[in-house]
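# Reading the structure
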Amino acid sequence: MPNFGGGNMQNMMRQVQQMQKEMTAAQDQLDKTEFTGKAPEDMVTVTFTGKHEMTDIQIKPKAIDADDPDMLQDLIIAAVNDAEKQIKQTTDSTMGRFAKGM
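The structure reproduced in this document is the subject of the present report. The structure displayed is predicted, hence computed values, not measured ones.

A surface patch of like charges, here negative, comprises D65, D67, D68, D70 and D74. As for its placement among the helices and strands, D68 is situated in the loop between β3 (54-59) and α2 (69-100).

Next comes the structure, spelled out in structure tokens:
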């Protein structure tokens, strides 16, 4: 009966299982991490989890101008985009290390 390196296969499976555990732990940590996005001059600040769920929004009173609602909309968009960019960068750098190991 040919030997297909069963010991090596078991070792490889253990390594894959360990990597899966590490990936799950890293993803869980990312999901719990808070990311704060800010508009220019901190007029609007938003907080998101790594799951992309907004948990807080702070709007400075001077950002609220009844004659210019578009400004507030733009500030909110800028803050949200800033937070989303941070989430993506952190996720890519954290989870990307696992892709290197494959």
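Mapped onto the fold, L30 is located in helix α1 (residues 6-32). The spatial distance from the C-alpha of L30 to the C-alpha of M54 is 14 Å, given a sequence separation of 24 residues. Residues contacting L30, with those up to four places away along its chain left out, are F35, G50, T90, T91, T94 and M95.

This next bit is on the pairing of strand β2 (residues 44-49). With six of six residues buried, β2 lies mostly within the body of the structure. Going residue by residue along β2, you find V44, V46 and F48 tucked away on one face and T45, T47 and T49 tucked away on the opposite face as well. Where strand β1 (residues 34-38) and β2 come together, five bridges link them in antiparallel fashion. Pairing of G37 across the sheet is with V46, part of β2. Two successive antiparallel strands, β1 and β2, enclose a turn made up of five residues, where E41 displays a positive phi of approximately 60 degrees. The pairing of β2 with β3 spans five bridges and is antiparallel. By the bridge assignment, F48 is partnered in β3 with M54. Linking β2 back to β3 in an antiparallel pair, the connection comprises four residues, with H52 at a positive phi of about 70 degrees.

On to the sheet that holds β1, then. Adjacent strands of a sheet pair through backbone hydrogen bonds, lying either parallel or antiparallel. Sheet architecture is open: three strands sit in the order β1-β2-β3, paired in antiparallel fashion. Edge positions in the open sheet fall to β1 and β3, since each of these has one partner strand only. In this sheet, adjacent strand axes meet at a mean angle of 15 degrees when their direction is disregarded.

Let us now look at the side chain of T94. As for its placement among the helices and strands, T94 is situated in helix α2. A polar side-chain atom of T94 sits 2.8 Å from the main-chain carbonyl oxygen of T90. Setting aside chain neighbours within four positions, we find T94 in contact with A26 and L30.

As a further point, take the pattern of salt bridges. Counting across every chain of the model gives one salt bridge. The residue D92 makes a salt bridge to K88 at a minimum N-O spacing of 2.6 Å. In this pair, D92 and K88 are both assigned in helix α2, four residues apart and thus about one turn of the helix distant. Assessed through its relative accessible area of 43%, D92 is described here as partly exposed.

Calculation rules
Chains are numbered independently. Their residues run from 1 in the order of the written sequence. Residues qualify for local features only when their pLDDT is at least 70, as the model is predicted, and side-chain atom pairs are given and counted only at 80 or more; totals for whole chains, interfaces and linings, by contrast, use all residues. Each side-chain value is worked out from all heavy atoms of the structure, with water and hydrogens disregarded. Within the patch definition used here, like charges are joined within 9 Å and nonpolar side chains (Val, Leu, Ile, Met, Phe, Trp, Tyr) within 5 Å, considering only residues with over 30% relative accessible area and no salt bridge. Here the Shrake-Rupley method, with its probe set to 1.4 Å, supplies the accessible areas, and only the displayed protein chains count as covering residues. The term salt bridge refers to a pairing of a side-chain nitrogen on Lys or Arg with a carboxyl oxygen on Asp or Glu at a separation within 4 Å. A positive count includes Lys and Arg, and a negative count includes Asp and Glu. His and the chain ends are not counted in either. Lysine's charge is taken at NZ, arginine's at CZ, aspartate's at CG and glutamate's at CD. Going along the chain from the N terminus, every DSSP run of H or I of four or more residues is numbered as a helix, and every run of E of two or more is numbered as a strand. By definition in these notes, contact holds between two residues if any of their heavy atoms fall within 4.5 Å. Burial classes follow relative accessibility: with a 1.4 Å probe on protein chains only, a residue under 20% of its type's maximum area counts as buried, one over 50% as exposed, and anything between as partly exposed. A pair of strands is labelled paired if DSSP reports no fewer than 2 bridges between them. Each axis is a line fitted through C-alpha atoms, taken for helices only over the stretch in contact, and angles between the N-to-C directions span 0 to 180 degrees. Pairing of N or O atoms within 3.5 Å defines a polar contact, subject to two protein rules: one partner must be a possible hydrogen donor and the other a possible acceptor, and residues neighboring in sequence count only if both atoms are side-chain atoms.

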